[in-house]
Amino acid sequence: LVVDTDFLGLTPLNVSKGDIVMDVVAVTGLGGHAFGSWKTKNGDFMWLRDALPEDVDGLRVLAYGFNSGLVESASIASIQSYAKEFLLGLVGAR
């Protein structure tokens, strides 16, 4: 399992025990972080990675990150462009 620190695009958070029968894709909101938004503050527990796969057999959990910074952003990206990148990532993951 390889995890990048930027979490841009789809990042797998677990290795499924057996056949993958279902995917969960967590998408953070604008200004959020694909990993940090789902973990405990000042802690290491990340429920998508540490708890959810233990509760559901055959589950693959992925976090989706995109450049959504709001502070001092000069981005002109639209929701449609983010959606297109997301869908292309999903197609590539399957």
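Source: prediction; values computed, not measured.

Caption draft 1: Up close: the packing of aromatic side chains. Counted according to the given criterion, the structure contains 3 aromatic pairs. Between Tyr-64 and Phe-66 the ring centres are 6.1 Å apart and the planes differ by 25 degrees, which places this aromatic pair in the stacked class. The same class applies to Tyr-64 as to Phe-66, namely buried. Measuring from ring centre to ring centre gives 4.8 Å for Tyr-64 and Phe-86, while their planes differ by 70 degrees; the resulting arrangement is edge-to-face. Placement of the pair is Tyr-64 in strand E3 (residues 59–65) and Phe-86 in helix H3 (residues 79–93), with a sequence separation of 22 residues. Linked through ring pairs, Tyr-64, Phe-66 and Phe-86 together constitute an aromatic cluster.

Caption draft 2: Broad picture of the nonpolar core. By size, the foremost hydrophobic cluster in this structure holds 11 residues: Phe-7, Leu-13, Ala-26, Ala-34, Phe-35, Met-46, Leu-48, Leu-52, Leu-59, Val-61 and Ala-63. For this core, the leading source of residues is E3, giving 3 residues.

Cut-off values and rules
- Residues numbered from 1 in each chain as written.
- Predicted model: local features only at pLDDT ≥ 70, side-chain atom pairs only at ≥ 80, totals over all residues.
- Heavy atoms only, no water.
- Phe/Tyr/Trp six-rings, centres within 6.5 Å; stacked < 30°, edge-to-face > 60°.
- Buried < 20%, exposed > 50% of the residue type's maximum accessible area, 1.4 Å probe, protein only.
- Helix = DSSP H or I, 4+ residues; strand = E, 2+ residues; numbered from the N terminus.
- Core = buried A, V, L, I, M, F, W, Y, C linked by side-chain atoms within 4.5 Å.

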